[in-house]
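Fold and geometry: a report
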Amino acid sequence: MEKKYGDLRSGFVLLVLCLIAYFWLIPTQIKVKEDVAIGPDFFPRLMVICCGLCAAGVFLQGLLGLKKEGKLKVSTFRNSPYKVNFKAYLPHGLFLLSALAYLLAMPFAGFVFSSILFLTFLFWFFGHSKIAWNALVSVIYVGAIFLIFTYAFKISFPKGPLGF
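Everything numeric in this text was worked out from a predicted model, so none of it was measured.

The rules we used
- Residues numbered from 1 in each chain as written.
- Predicted model: local features only at pLDDT ≥ 70, side-chain atom pairs only at ≥ 80, totals over all residues.
- Heavy atoms only, no water.
- Helix = DSSP H or I, 4+ residues; strand = E, 2+ residues; numbered from the N terminus.
- Buried < 20%, exposed > 50% of the residue type's maximum accessible area, 1.4 Å probe, protein only.
- Contact = heavy atoms within 4.5 Å.
- Areas by Shrake-Rupley, 256 points an atom, 1.4 Å probe, with all protein chains shown as cover.
- Salt bridge = Lys/Arg side-chain N within 4 Å of Asp/Glu carboxyl O.
- Phe/Tyr/Trp six-rings, centres within 6.5 Å; stacked < 30°, edge-to-face > 60°.
- Axes fitted to C-alpha atoms, helices over the stretch in contact; angles between N-to-C directions.
- Parallel < 35°, antiparallel > 145°, perpendicular 65-115°, else oblique.
- Left-handed = near helix turned anticlockwise from the far one by under 90°.
- Nonpolar A, V, L, I, M, F, W, Y, C, P; charged D, E, K, R; others polar.
- Expected span 1.5 Å × (residues − 1).

Secondary structure assignment for the chain yields six helices and zero strands. The N-to-C order of helical and strand elements in the chain reads α-α-α-α-α-α. When each of the 164 residues of the chain is scored for burial, the buried share is 23%. When contacts within the chain are restricted to residue pairs at least 6 apart in sequence, those whose partners lie at least 24 apart make up 57%. For the chain, the exposed surface amounts to about 12200 Å²; the carbon and sulfur share of it is 74%.

This is the structure:
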């Protein structure tokens, strides 16, 4: 029973995300010439259509399963066992917010400084309690990545106020 409600929710969310990607994300991110038969937006749109069809199938499967059991009522979704517990998703939201802060801070603080802070936070977030050890490992790791990409691959990173 709970699986059918989960199918209904996940199918609906994925379908909405596919519609947003198809009608908003792809047209704003990929430029297409008018006289091209198959443009650069063809394969992303094809993938979104396939994902959308699968999401619609999952949604309809949950919907038909609930209808067959006679439990497809709006009042059923208001009962506490079928409500989504948003507090359980708080760590996921915190992780996404930290990643967004990292991406927004990188152009201003530079790759090295923002990556050290972000990696130290990630170590702590995933359970390593020794902050000094996390910072040391982060400095070594980010320093190695910076040196390898800067000198071996000749790829430049966003520079911070210290010039690296």
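Once the structure has been displayed, the description carries forward.
With that out of the way, let us pick up the pattern of salt bridges. The final tally for this structure, using the stated rule, is one salt bridge. One salt bridge in this structure joins Asp41 and Arg45, with 3.0 Å as the shortest N-O distance. Pair check on accessibility: Asp41 and Arg45 agree, each one buried.

Considering all chains together, one arrives at 13 aromatic pairs under this definition. When the centroid spacing of 5.0 Å and the interplanar angle of 80 degrees are considered together, the rings of Tyr22 and Phe23 count as edge-to-face. Residue class for Tyr22 comes out partly exposed when judged on its relative accessible area of 24%. Exposure remark for Phe23: the relative accessible area of 61% places this residue in the exposed category. Residues Phe125 and Phe126 carry aromatic rings whose centres are separated by 5.2 Å and whose planes lie at 85 degrees to one another, so their mutual orientation is edge-to-face. Given a relative accessible area of 57%, Phe126 falls into the exposed group.

With that settled, consider the side chain of Ser138. Its location among the elements puts Ser138 in helix H6 (residues 131-152). Beyond its immediate chain neighbours, meaning those up to four positions away, Ser138 contacts Ile116, Leu119, Thr120, Phe123 and Gly143.

Interhelical geometry of helix H4 (residues 90-109) versus helix H5 (residues 111-125) gives an angle of 165 degrees and a closest axis separation of 8 Å. As summarised for this structure, H4 and H5 are arranged roughly antiparallel, according to the angle between their axes. Regarding H4 and H5, the two cross each other, and that crossing is right-handed. Counted together, Pro91, Leu94, Phe95, Ser98, Ala99, Tyr102, Met106 and Ala109 of H4 and Phe111, Phe113, Ser114, Ser115, Phe118, Phe121, Leu122 and Phe125 of H5 form the full contact between these two elements. Residues belonging to the contact of H4 with H5 are distributed by class as follows: 13 nonpolar, three polar and no charged.

The interhelical angle for the contact between H5 and H6, taken along N-to-C directions, is 140 degrees, at an axis separation of 8 Å. Considered as vectors, H5 and H6 are oriented oblique to each other. As for the relative orientation of H5 and H6, their crossing is right-handed in sense. On H6, the residues touching Phe111, Val112, Ser115, Ile116, Leu119, Thr120, Phe123 and Trp124 of H5 are Ile131, Asn134, Ala135, Val137, Ser138, Val139, Tyr141, Val142, Ile145 and Phe146. The residue makeup of the contact of H5 with H6, split by class, is 14 nonpolar, four polar and no charged.

Mapping Leu64 onto the fold places it in helix H2 (residues 42-69). For Leu64, a relative accessible area of 55% corresponds to the exposed category.

Its identity is not glycine, yet Lys154 carries a phi of approximately 60 degrees, on the positive side. On the accessibility criterion, Lys154 (66% relative accessible area) is exposed.

Before going further, it helps to spend a moment on H5. Over its 15 residues, H5 extends 20 Å from the first C-alpha to the last, a length consistent with the 21 Å expected when each residue adds 1.5 Å. Among all positions of H5, only Phe111, Val112, Ser114, Ser115, Ile116, Phe118, Leu119, Thr120 and Leu122 are buried. Buried positions along H5 lie against H4 and H6. A positive backbone phi angle near 115 degrees is found at Gly127, which sits one or two residues after H5.

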